[in-house]
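What follows is each chain in one-letter form.
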Amino acid sequence: MRFLATIVLSLLFLNTYGFAIDASKIHPSVHTSAVCELLLDKDNAFYKDFFRNFPEEQSHSFPFDMLKPEHFVNALAFAFAYVEHAVQTVVTNPAPPTFENTALLVMNAIAYYHRVSGLLHLIGKFQTNNAKIQELNKKKKTTDAKVHAMRFRNEQLFERLKQIAKNEYLTEDQKFIVNAWIEQSEFGKVLLNEDSQKELLTIDEQLANLSQEFRVNYDNTQNSIIFLPKDTKFEPEMPQAQLEAAKKRAGLRGFDGFDFELKPEGIEQMHVVLQFASDPQVRKTVYEAFIHRASVTNNPAIVTQMANLRLRRSRLLGFNNFTETIMPTLMAKNVNNVRDFVSQVKPEFIKMAREELRVLGELKKEMTGGALEPWDVQFYAQKKEARDLGFNLEQVAPYLEVNGTLKRVLDLVSSIYDVSFEEKTAAMPTWHRDVKVFSVLDKWSNRLMGYIYFDLLARDGKTNGAFSEEIKPPGHYISPEGKQYIQASHVIVSLSIRSGDQVSFLTLNNLRSLLHETGHAMHSVSYAKEFPLYDSFSVPRDFVELPSQLLENWMYDSRGFARLARHYQTGEQIPEGWLGNIGKIKFRHPALKSLARRCLMTEMDLAYHTIEVPITDSQQFDQDSLKDWAQFPYLMGIAGRSDVNPYLWMHGYESQYHAYQWGENLDYDAFEKFLPNDLFNATVGLDFREMVLAHGALVDLARAYKQFRRAAPDPHALVREYKR
């Protein structure tokens, strides 16, 4: 009866936000100690497949081929009510608190909620043009905030956890969970008075809504289009597949010319014009359209609101600024450690950026005369790169056919991490015919570690960019061999190179993205514990990029690239002369490509989240806080605007953007342990997998990394890598 009462109370909230649930279909006896097996609607394909006992081959899959938007409405409502019921069951339980009747019960309910909400989030990535799915995802953010509050801001739950912490019979993992939970609850001021709790929740809901509004505006700006006339001149090195794709897109829109979309930093379409358009006026037009692409949105006002709300939230919790509420949960621990790190690398990066611009300026004077403009940087960088390499990157494309390269990437990962891959595409439902599924097994024990879904080709409605996220499995959390959480993950790389049934190729940029996201996925499936809330996607932000960025290093080593590149027709290895120079690609203008840009964005992040008085104008704030970077108009144009920076306002990197360079420093430090050895000897990789990755968030990662490396990470590893 208590469960029914909980459901009735939750209906007011659920109906307010568009989620409805028919309480008459809920049986009063619900076993919250395990994954719920209740069928809310026997005619609903989502429930029927989500709760059923899967065949062994599909025990960690979803019925992607049957899911519809309406399936999620009741599912998310029930999942939220299930968490409420679990928490209510715990806090009203008269029995002495134990790990099982308190922490585990709530964690299982929240893990179930994450399975449903995570699936909705995933589907949203591939149905960006589905208004119902996008609206549900927008409303889901409010429910997410409610679940977070139930986990960390319930005083009665907090008191039970403190009693459990005194139990001397807890396992090491249980101790870690309980103590971390208590620490986060205390850090979130679980004992705030009722009015403050309500205000905190209101602020969280406002931030969630503003973040979603920012996301919609951002996505719309990325879909802006530049049409170039058919007589536009491109350099001979221009990738022909991309040129043909641009011509085809224009034709579909009734335009006789080329269609280039203003994709975000790192994606091909906008940057390929800046690299290969012969006419500087064309480059200027595209560059200025890109850097002003959000001018018609209200994102500057949203940024101002979000920065001030985060400050208000921090003050409500008793902190001086937002960064103080985040840093203790990260490897960095406090903002001074981040600033110390930045202060060590920033002078080197600025020096490198100046030198790179000097060299490119001299090249322009040699070739065409005149001063180097921001829209010239990528064009002459490409010219310098081709001159130094002895070949152009278009010539590499036939050696990177998509399917063959994916197979070789998996072979490479197999040799590094001592795992094996088996394709399961035919046996497991996917969300699109392009998706491939592989199981990952420990090579020697043949133990199933998890599954990885690869979705590599661009298509209408699919989110741009490259990313990897978890897929909470609907089947067993525990493997037949024992207590191990089986994880599934996806790797998304939206290749813009595709023409009908023709062969598709990766660019070197695409290959780097594929390796990076596969590194994330391997981190995911390496998790070898039984608690899904503490898997690899729960680790601190400034650790999470280590496994992904580490894997990129094999691409820039000639030994690694030799294994990754084969001609799609002949199977021949890339020519020896090219192979010897392939590593130079990484070291061509690294400051302008990433090092100085990331340093700039880290400083922007810290500036916004260490404010101690509200700001009034985000655009003016950008200029005031980034004065050191005004000497680099190109970098300021590409990265110096907060209103088009998704990391700070919609990707969850607020006060955490340093994670990229922090993680990059860690990955070079870790790679240096591989270098003296055979790069394909799995001994070091297996140590890294078992000593660091297998623990997910259930370990002090700084200590685990130090154990693997036999030393603390060297803060100079990043600079040293780019000087060697």
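The structure contained in this document is the topic of the report that follows. (Residues numbered from 1 in each chain as written. Predicted model: local features only at pLDDT ≥ 70, side-chain atom pairs only at ≥ 80, totals over all residues. Heavy atoms only, no water.)

**Section: the packing of helix α22 (residues 590–609) against helix α26 (residues 659–674)**
Argument step 1. The N-to-C vectors of α22 and α26 enclose an angle of 135°; their axes lie 9 Å apart at closest approach. On the basis of their axis angle, the class for α22 and α26 is oblique. For the pair α22 and α26, contact is made by Ser594, Leu595, Arg598 and Cys599 and by Tyr660, Gln661 and Glu664, respectively.
Argument step 2. Its residues placed into classes, the contact of α22 with α26 shows 3 nonpolar, 2 polar and 2 charged. (Axes fitted to C-alpha atoms, helices over the stretch in contact; angles between N-to-C directions. Helix = DSSP H or I, 4+ residues; strand = E, 2+ residues; numbered from the N terminus. Parallel < 35°, antiparallel > 145°, perpendicular 65-115°, else oblique. Contact = heavy atoms within 4.5 Å. Nonpolar A, V, L, I, M, F, W, Y, C, P; charged D, E, K, R; others polar.)

**Observations regarding the packing of helix α14 (residues 335–367) against α22**
Angle between the axes and distance between the axes are the two parameters that describe a pair of packed helices.
Argument step 1. At their nearest, the axes of α14 and α22 sit 8 Å apart, and the two run at 145° to each other. Of the two elements, α14 crosses α22, and the hand of that crossing is left-handed. Within the contact between the two elements, α14 uses Val335, Val338, Arg339, Val342, Lys346, Phe349, Met352, Ala353, Glu356, Leu357 and Leu360 and α22 uses Pro590, Ala591, Leu592, Leu595, Ala596, Cys599, Thr602, Glu603 and Leu606.
Argument step 2. Here the contact of α14 with α22 is built from residues that sort into 15 nonpolar, 1 polar and 4 charged. (Left-handed = near helix turned anticlockwise from the far one by under 90°.)

**Focus on the nonpolar core**
Argument step 1. Of all hydrophobic cores here, the largest spans 215 residues; its most connected members are Phe64, Trp181, Tyr534, Phe561 and Trp629.
Argument step 2. Phe64 has contacts with Leu119, Leu122, Ile123, Pro429, Thr430, Trp431, Tyr453 and Ile471, leaving out every residue within four places of it along the chain. (Core = buried A, V, L, I, M, F, W, Y, C linked by side-chain atoms within 4.5 Å. Buried < 20%, exposed > 50% of the residue type's maximum accessible area, 1.4 Å probe, protein only.)

**Remarks on helix α4 (residues 99–126)**
Argument step 1. Helix length check: α4 (28 residues) gives 39 Å between terminal C-alpha atoms against 40 Å at 1.5 Å per residue, within 8%.
Argument step 2. Of all the bends in α4, the greatest, near 25°, is centred on Leu105.
Argument step 3. The buried fraction of α4 is high, at 23 of 28 residues. (Expected span 1.5 Å × (residues − 1). Bend = angle between axes of the 7 residues up to and from the residue.)

**Let's talk about the pattern of salt bridges**
Argument step 1. For the structure shown, the criterion picks out 37 salt bridges.
Argument step 2. Arg312 is paired through a salt bridge with Glu199; the nearest N and O atoms lie 2.8 Å apart. On the criterion of sequence distance, the pair formed by Arg312 in helix α12 (residues 299–316) and Glu199 in helix α8 (residues 194–222) is long-range, its members being 113 residues apart.
Argument step 3. Judged by its relative accessible area of 30%, Glu199 falls in the partly exposed class.
Argument step 4. Between Asp669 and Arg709 there is a salt bridge, and its shortest N-O distance comes to 3.2 Å. Of this pair, Asp669 sits in helix α26 while Arg709 sits in helix α28 (residues 701–709), placing them 40 residues apart in sequence.
Argument step 5. A relative accessible area of 3% places Asp669 in the buried class. (Salt bridge = Lys/Arg side-chain N within 4 Å of Asp/Glu carboxyl O.)

**Thoughts on the packing of aromatic side chains**
Argument step 1. For the coordinates displayed, the defined rule picks out 27 aromatic pairs.
Argument step 2. An angle of 75° between the planes, with centres 5.0 Å apart, marks the rings of Trp554 and Phe671 as edge-to-face. Taken as a pair, Trp554 in helix α19 (residues 546–556) and Phe671 in helix α26 lie far apart in primary sequence, 117 residues in all.
Argument step 3. Exposure remark for Phe671: the relative accessible area of 2% places this residue in the buried category.
Argument step 4. Between the aromatic rings of Tyr647 and Tyr653, the centroid separation amounts to 5.7 Å while the plane-to-plane angle is 85°, which identifies the pairing as edge-to-face.
Argument step 5. Classification of Tyr647 by relative accessible area gives partly exposed; the value is 25%.
Argument step 6. Here Tyr653 falls in the buried class, since its relative accessible area comes to 6%. (Phe/Tyr/Trp six-rings, centres within 6.5 Å; stacked < 30°, edge-to-face > 60°.)

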